[in-house]
Amino acid sequence: QVLLVESGGGLVQAGGSLRLSCAASGRAFNSFFTGWFRQAPGKEREFVAGISKSGGATFYADSVKGRFTTSRDNANSTVYLQMNSLKPEDTAIYYCAAQGPNSHYYTLAYEYDFWGRGTQVTVSS
């Protein structure tokens, strides 16, 4: 019902910044709570950030709180993840995901119905 495509990943030095974008098509974008997850080699996929349907509420993992900011532009069906003060431990594939109407727990990957294919973020020390 919705297609998500991430972009904006790349290589950055520690302390630098990147902005990821997630472009959506299909179902009305303002119908979905959206989240960002990341997965490093050999690690479980972990929650990074989430944003409510309207964009009025945001949620962050403790590991990124104060450094990352997520926002959305429903008119353009796009969600963003601004990443500042990046650390080597932030290196991972970052995924955009969207929940359906019956989901309730934003930190759990299995609560999301739609996923992008991911974009690589590499932070050098």
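Small disclaimer: the values here were computed from a predicted structure and weren't measured. (Residues numbered from 1 in each chain as written. Predicted model: local features only at pLDDT ≥ 70, side-chain atom pairs only at ≥ 80, totals over all residues. Heavy atoms only, no water.)

Novice: How should the pattern of salt bridges be read in this particular structure?
Specialist: Pairs may arise between side chains of opposite charge once their charged atoms sit close together. Inspection of every chain in the model, using the stated rule, returns four salt bridges. With a closest N to O distance of 2.7 Å, Glu46 and Arg38 form a salt bridge. On the basis of relative accessible area, Arg38 is assigned to the buried category, the value being 5%. Residues Asp90 and Arg67 are paired through a salt bridge, measuring 2.8 Å at the closest nitrogen-oxygen approach. Pair noted here: Asp90 is in the loop between strand S8 (78-83) and strand S9 (92-98) and Arg67 is in the loop between strand S6 (58-60) and strand S7 (68-73), with a separation of 23 residues, a long-range link. An identical accessibility class is assigned to Asp90 and Arg67; each is buried. (Salt bridge = Lys/Arg side-chain N within 4 Å of Asp/Glu carboxyl O. Buried < 20%, exposed > 50% of the residue type's maximum accessible area, 1.4 Å probe, protein only. Helix = DSSP H or I, 4+ residues; strand = E, 2+ residues; numbered from the N terminus.)

Novice: I'm lost on the sheet that holds strand S1 (residues 2-7) in this one. Help?
Specialist: Hydrogen bonds along the backbone pair up the strands of a sheet, which may run parallel or antiparallel. Judged by pairing direction, the sheet is antiparallel, and its four strands sit side by side in the order S1-S3-S8-S7 without closing on themselves. A strand with exactly one partner marks an edge of an open sheet, and here the two such strands are S1 and S7. Each adjacent strand pair in this sheet contributes to an overall mean axis angle of 15°, direction not counted. Relative to S8, strand S3 (residues 18-26) runs antiparallel, the two being bridged by six bridges. (Pairing = 2+ DSSP bridges. Axes fitted to C-alpha atoms, helices over the stretch in contact; angles between N-to-C directions.)

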